[in-house]
Amino acid sequence: MKLKIGYLYPDLMNIYADRGNVECLRRRCEWRGIAVDVRAITVGVTFAPDELDIILLGGGQDRQQRAASEDLQAATGDSVRGAVEAGAVLLGICGGYQLLGSAYIDADGTELIGLGLLDLETWHPGFAAARCIGNIAVDWEGGILVGFENHGGRTYPGPTAAPLGRVLAGGGNNAEDGTEGSVLDRVFGTYLHGSLLPKNPHFADHLLGLAVERREAGYELEPLDDAAEWAAHRAALALLGIRQGE
Ligand code: GLN
């Protein structure tokens, strides 16, 4: 088994250790003897629809996000859409998540066009409004995801959007409706920085599971000793006053 991970805009969209998601997936593959190749994809770079198994897009400040948005309207965006249509897994975090929707309207009212892969739109209510900042826990498929959020933008899901999870503590999509993130088939968006995947090994393996299954039907991921990962998960939960067994 061999997987190829595309790391989108490492030079623009990479804050609060989002790069750790790339390293986490790489190591979880290597520990299992799955060969992995990471390709950095930045402005103007294109790739074939079948080339990448997983694409990761981190968060960024509004200025960098604008550059990414412009590039996503050109050939790189077509490559990402082509890969998703061909079955690649895509994970966007925070500013990267916002760019998976139709648009992000920044604090100045400038519209940054997104990929339109998820049915949602994001508005920044202006600098006078409080940002959503802090630790966050989310109920996800009967388990919990932990992370750190820091965003001014409020994301409003459209009628066909499904949230990734429900907020247990923190702001989430818009600090109003209790939803966090969004998912459509193999496209995942979330506000959870952290890094997200190292301390949420169940979610990391969910993404990897989708990717290996696409390459080889019935392929089972070998279980790993995730004692350290779950200890980090529990420590993050404890910061929010939430206690949970493994
Ligand atoms: N521009 C975004 C916001 O503040 C994204 C920030 C981020 O990626 N952390 O809403």
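Remember, predicted model here, so these are calculated numbers, not experimental data. (Residues numbered from 1 in each chain as written. Predicted model: local features only at pLDDT ≥ 70, side-chain atom pairs only at ≥ 80, totals over all residues. Heavy atoms only, no water.)

**Q** I tried to follow the site of the ligand on my own but got confused; where do I start?
**A** For the ligand, the set of nearby residues contains 15 residues, the closest of which are D62, Q65, C94, G95 and G153. Between the ligand and Q98, the relevant distance is 3.1 Å, taken from an oxygen atom to a side-chain nitrogen or oxygen of the residue. With respect to the ligand, the backbone of G153 contributes an N or O atom lying 2.7 Å from an oxygen atom. In the complex, the protein chains occlude 98% of the 300 Å² of accessible area that the ligand would expose alone. Here the ligand is seated within the largest pocket. Taken together, the elements giving at least two residues each to the shell around the ligand come down to α2 (62-72), α4 (95-98) and β9 (143-151). For the shell around the ligand, a count of residues per class yields three nonpolar, 10 polar and two charged. (Near = heavy atom within 4 Å. Polar contact = N/O pair within 3.5 Å; in protein donor to acceptor, adjacent residues only side chain to side chain. Areas by Shrake-Rupley, 256 points an atom, 1.4 Å probe, with all protein chains shown as cover. 1 Å grid on protein atoms, 1.4 Å probe; cavity = no way out; pocket = protein on both sides within 12 Å on 5 of 7 lines; lining within 4 Å. Sits in = over half its atoms within 2 Å of the grid points. Helix = DSSP H or I, 4+ residues; strand = E, 2+ residues; numbered from the N terminus. Nonpolar A, V, L, I, M, F, W, Y, C, P; charged D, E, K, R; others polar.)

**Q** When you look at empty space enclosed by the protein in this model, what are you seeing that I'm missing?
**A** If you roll a probe as big as a water molecule over the atoms, it shows you where there is empty space left. Going through the model one piece at a time under the given rule, you end up with one cavity of 30 Å³ or more. Of the pockets and cavities examined, the largest cavity occupies roughly 50 Å³. Of all the secondary structure elements, the ones that give two or more residues to the lining of the largest cavity are α1 (19-30), β3 (54-57) and β4 (89-93). Residues that form the lining of the largest cavity fall into these classes: six nonpolar, two polar and one charged. (Points joined across faces, edges and corners; volume = space filled by probe spheres on them.)

**Q** Which parts of the structure should I look at to understand the pairing of β4?
**A** A regular strand places its side chains on the two faces of the sheet in alternate fashion. The element β4 is extensively covered by neighbouring structure, given that five of its five residues are classed as buried. Residues V89, L91 and I93 point to one face of β4 and L90 and G92 to the other, with burial holding for every one of them. For β3 and β4, the ladder comprises four bridges, and the chain directions are parallel. Within β4, the position partnered with L57 by the bridge is G92. Here β4 runs beside strand β14 (residues 187-190); their pairing, made up of four bridges, is parallel. Within the sheet, the bridge partner assigned to G92 lies in β14 and is G189. (Buried < 20%, exposed > 50% of the residue type's maximum accessible area, 1.4 Å probe, protein only. Pairing = 2+ DSSP bridges.)

**Q** I'm lost on the nonpolar core in this one. Help?
**A** Across soluble globular proteins, you tend to see nonpolar side chains buried next to one another. Core analysis: the biggest nonpolar cluster contains 56 residues, and L91, L197 and F203 have the highest contact counts within it. Ranked by residue count, the leading element in this core is helix α5 (residues 201-215), at six residues. Other than its neighbours up to four places away in sequence, L91 contacts I55, L56, L57, F188, T190, L196, L197, F203 and L207. In this structure, A137, I144, A236 and L237 belong to the second largest nonpolar core, which totals five residues. (Core = buried A, V, L, I, M, F, W, Y, C linked by side-chain atoms within 4.5 Å. Contact = heavy atoms within 4.5 Å.)

**Q** Explain the layout of surface pockets to me, please; I cannot follow it from the model alone.
**A** Roughly 200 Å³ of volume is contained in the largest pocket. Counting residues per element, the ones that place at least two in the lining of the largest pocket are α2, α4 and β9. Among the residues making up the lining of the largest pocket, the classes are represented as four nonpolar, 11 polar and two charged.

**Q** I'm lost on the sheet that holds strand β12 (residues 179-180) in this one. Help?
**A** Pairing between the strands of a sheet comes from backbone hydrogen bonds, and it takes one of two forms, parallel or antiparallel. Taken in spatial order, the four strands of this open sheet run β9-β8-β11-β12, and their pairing is antiparallel. In the strand order of this sheet, the two ends are held by β9 and β12, each with one partner. In this structure, strand β11 (residues 165-169) lies alongside β12, joined through two bridges in antiparallel fashion. When the bridges of β12 are listed, R166 appears paired with T179.

**Q** Explanation requested: the environment of L56 in the structure shown.
**A** Inspection of the secondary structure puts L56 in strand β3. Through-space distance from the C-alpha of L56 to that of G87 is 14 Å; in sequence the pair is 31 residues apart. Those residues in contact with L56, other than ones at most four positions away along the chain, are I5, G6, Y7, L8, N21, V22, L25 and L91.

**Q** Honestly, the environment of H151 in this entry has me stumped. Any pointers?
**A** In this structure, H151 sits in strand β9. When neighbours within four sequence positions are excluded, H151 is seen to be in contact with C94, Q98, R131, C132, G172, N173 and Y191. A distance of 3.3 Å separates the side chain of H151 from the backbone oxygen of G172, its partner in a polar contact.

**Q** Looking at this structure, I do not really get unusual backbone geometry. What am I missing?
**A** Among all residues except glycine, the phi angle is most often negative; among peptide bonds, the trans geometry is most common. Of note, the amide linkage connecting G194 to S195 takes the cis form, showing an omega dihedral of 5°. Counting through the fold element by element, S195 comes out in the loop between β14 and α5. Despite not being glycine, Y9 has its phi angle at roughly 50°, a positive value. Within the element layout of this structure, Y9 appears in the loop between β1 (2-8) and α1. With relative accessibility at 0%, the residue Y9 sits in the buried group.

Distances and angles like these do not, on their own, reveal function.
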